[in-house]
Amino acid sequence: MAASRGGAASVQAMKRIVLLGPPGSGKGTQAARLAADLGVPAISTGEMLRSAVAAGTPLGRTVAGIMNAGRLVDDATMADVVTARLAENDAQGGFLLDGYPRTLPQAETLGEILAEQGVELEGVVLIDVPPEVLVERALLRQRADDTAEVIRERLAVYARETAPLIGYYRDRGLLEEIDGHRTMDEVTAALLAVLRS
Ligand code: ADP
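Rules used throughout
Residues numbered from 1 in each chain as written. Predicted model: local features only at pLDDT ≥ 70, side-chain atom pairs only at ≥ 80, totals over all residues. Heavy atoms only, no water. Helix = DSSP H or I, 4+ residues; strand = E, 2+ residues; numbered from the N terminus. Rg over C-alpha atoms; globule rule 2.2 N^0.38 Å. Buried < 20%, exposed > 50% of the residue type's maximum accessible area, 1.4 Å probe, protein only. Contact = heavy atoms within 4.5 Å. Near = heavy atom within 4 Å. Polar contact = N/O pair within 3.5 Å; in protein donor to acceptor, adjacent residues only side chain to side chain. Areas by Shrake-Rupley, 256 points an atom, 1.4 Å probe, with all protein chains shown as cover. Nonpolar A, V, L, I, M, F, W, Y, C, P; charged D, E, K, R; others polar. Salt bridge = Lys/Arg side-chain N within 4 Å of Asp/Glu carboxyl O. Pairing = 2+ DSSP bridges. Axes fitted to C-alpha atoms, helices over the stretch in contact; angles between N-to-C directions. Parallel < 35°, antiparallel > 145°, perpendicular 65-115°, else oblique. Left-handed = near helix turned anticlockwise from the far one by under 90°. Expected span 1.5 Å × (residues − 1). Phe/Tyr/Trp six-rings, centres within 6.5 Å; stacked < 30°, edge-to-face > 60°. Lys NZ or Arg CZ within 6 Å of the ring centre and 35° of its normal. Arc of directions from axis to C-beta.

Trainee: I keep staring at the overall build of the chain and nothing clicks. Help me out?
Mentor: Secondary structure assignment for the chain yields nine helices and five strands. Traced from its N-terminal end to its C-terminal end, the chain shows the element sequence β-α-β-α-α-α-β-α-β-α-α-α-β-α. On C-alpha atoms alone, the chain measures out to a radius of gyration of 16 Å, which is about the 16 Å that the 2.2 N^0.38 rule sets for 197 residues. With respect to the principal axes defined by its C-alpha atoms, the chain has extents near 50 × 35 × 30 Å. Put simply, the chain has 197 residues, and 45% of those count as buried. The long-range share in the chain, meaning contacts at least 24 apart out of those at least 6 apart in sequence, stands at 75%.

Trainee: It is not clear to me how the site of the ligand should be interpreted in this structure. Could you clarify?
Mentor: Around the ligand, the structure places 18 residues, and the nearest of them are T45, R50, R71, G99 and R154. Here R50 contributes a side-chain N or O atom positioned 2.9 Å from an oxygen atom of the ligand. Measuring from an oxygen atom of the ligand, one finds a backbone N or O atom of R71 at 2.5 Å. Coverage of the ligand by the protein amounts to 96% of the 550 Å² it exposes when considered alone. Broken down by element, the residue count for the shell around the ligand peaks at four residues, all from helix α2 (residues 45–55). Grouping the constituent residues of the shell around the ligand by class yields seven nonpolar, four polar and seven charged.

Trainee: Looking at this model, I keep getting lost on the pattern of salt bridges. Mind explaining?
Mentor: For the structure on display, the rule yields seven salt bridges. Between R85 and E88 there is a salt bridge; the shortest N-O distance is 3.4 Å. A residue is classified by how much of its surface remains accessible, and R85, at 14% relative accessible area, is buried. The residue E161 makes a salt bridge to R160 at a minimum N-O spacing of 3.5 Å. It is possible to trace a salt-bridge network through shared partners that takes in R85, E88 and D90.

Trainee: Can you walk me through the sheet that holds strand β1 (residues 16–20) in this structure?
Mentor: In a beta sheet, neighbouring strands pair by backbone hydrogen bonds and run either parallel or antiparallel. Strand order across the open sheet formed by five strands is β2-β3-β1-β4-β5, with parallel pairing between neighbours. A strand with exactly one partner marks an edge of an open sheet, and here the two such strands are β2 (42–44) and β5 (175–179). In this sheet, adjacent strand axes meet at a mean angle of 25° when their direction is disregarded. Here four bridges tie β1 to strand β4 (residues 123–128), and the two strands are oriented parallel to one another.

Trainee: Sorry, what's going on with the packing of helix α6 (residues 131–141) against helix α7 (residues 148–162) here?
Mentor: The geometry of a pair of packed helices is captured by two quantities: the angle between their axes and the separation between those axes. Where α6 contacts α7, the axes come no closer than 10 Å and their chain directions differ by 135°. Relative to α7, the element α6 lies oblique. In this structure, α6 crosses over α7, and the sense of that crossing is right-handed. Mapping the contact onto sequence places L134, V135, A138, L139 and R141 in α6 and A148, I151, R154 and L155 in α7. Split by residue class, the contact of α6 with α7 holds seven nonpolar, no polar and two charged.

Trainee: Please clarify how unusual backbone geometry should be interpreted in this entry.
Mentor: Trans is the prevailing form of peptide bonds, just as negative phi is the prevailing case for residues other than glycine. Note that the residue after Y100, namely P101, is joined by a cis bond; omega there is 0°. Here P101 shows up in the loop between β3 (95–98) and α5 (104–117).

Trainee: Help me understand α5 in this model?
Mentor: Residues spaced three or four apart along an α-helix face the same direction, because each turn holds 3.6 residues. Between the first and last C-alpha of α5 there are 20 Å, a value that for 14 residues agrees with the 20 Å anticipated at 1.5 Å per step. In the stretch just after α5, G118 is the one whose phi turns positive, near 75°.

Trainee: For this particular structure, what's the right way to read the packing of aromatic side chains?
Mentor: The geometry of an aromatic ring pair is captured by two quantities: the separation of the ring centres and the angle between the planes. The final tally for this structure, using the stated rule, is one aromatic pair. Lying over the aromatic face of Y168, R172 brings its terminal NZ or CZ to 3.6 Å of the ring centre.

Trainee: Quick question: what am I supposed to make of α6 here?
Mentor: Listing the buried residues of α6 in full gives V133, L134 and A138. Seen from one end, α6 has its buried residues packed into an arc of 130°, which puts them on one side. Opposite the buried face of α6, at more than 90 degrees from it, the exposed residues are E132, E136 and L140. Among the structural elements, α7 are those in contact with the buried residues of α6.

In structure tokens:
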């Protein structure tokens with residue numbers, strides 16, 4: 001975490017950010033809201049992949065079955081997707097990543113992509129939500145890939161593959177945690193407070 005950069009009146013904020021949190025933590029909604037406020041694009045790998053599936057691209061055809069089963073797309077494929085996206089113009093001033101990285105190798109890859117660009121991640125914010133709330137929210141959301149079995153699989157994959165990133169980024173002094181079991185507005189306010197501190 002960078003040191004405080006000017007107190008309450010400061011309009012500076014972190015610009016290269018990863019949002020971390022389990023499926024159903026509200027990352028996607030929050031990323032879209034924060035992006036507008038921070039002036040950086042929200043980059044959701046889940047949304048990028050869903051678009052590819054909908055458009056029937058080669059990538060979409062490769063990942064459709066994996067996504068429907070609640071499993072993770074392989075790290076090499078994701079590295080290609082994210083490398084290309086972060087090379088686009090709108091991401092040069094910063095980004096809010098939602099859904100990437102999701103594994104320790106992906107976290108390493110992200111570090112390498114950014115190092116290549118001569119920049120660094122500025123912050124990682126974990127949106128914390130109790131597991132029982134996640135299942136309830138996921139069932140309410142009812143997206144096509146949200147059957148109870150797939151939800152369980154995605155939560156298990158999160159616990160096994162993604163939760164280790166919490167310690168990884170904490171060890172690097174980048175982790176902030178906020179309580180995600182509140183109204184969306186409260187969560188947005190808490191995120192903005194952290195990103196502007
Ligand atoms: P949620 O926010 O509900 O967890 P996402 O919309 O982020 O889900 O992602 C949907 C699906 O897309 C994931 O379950 C996974 O199959 C695939 N996916 C998205 N991002 C990644 C990633 N970084 N690595 C591997 N698979 C991914």
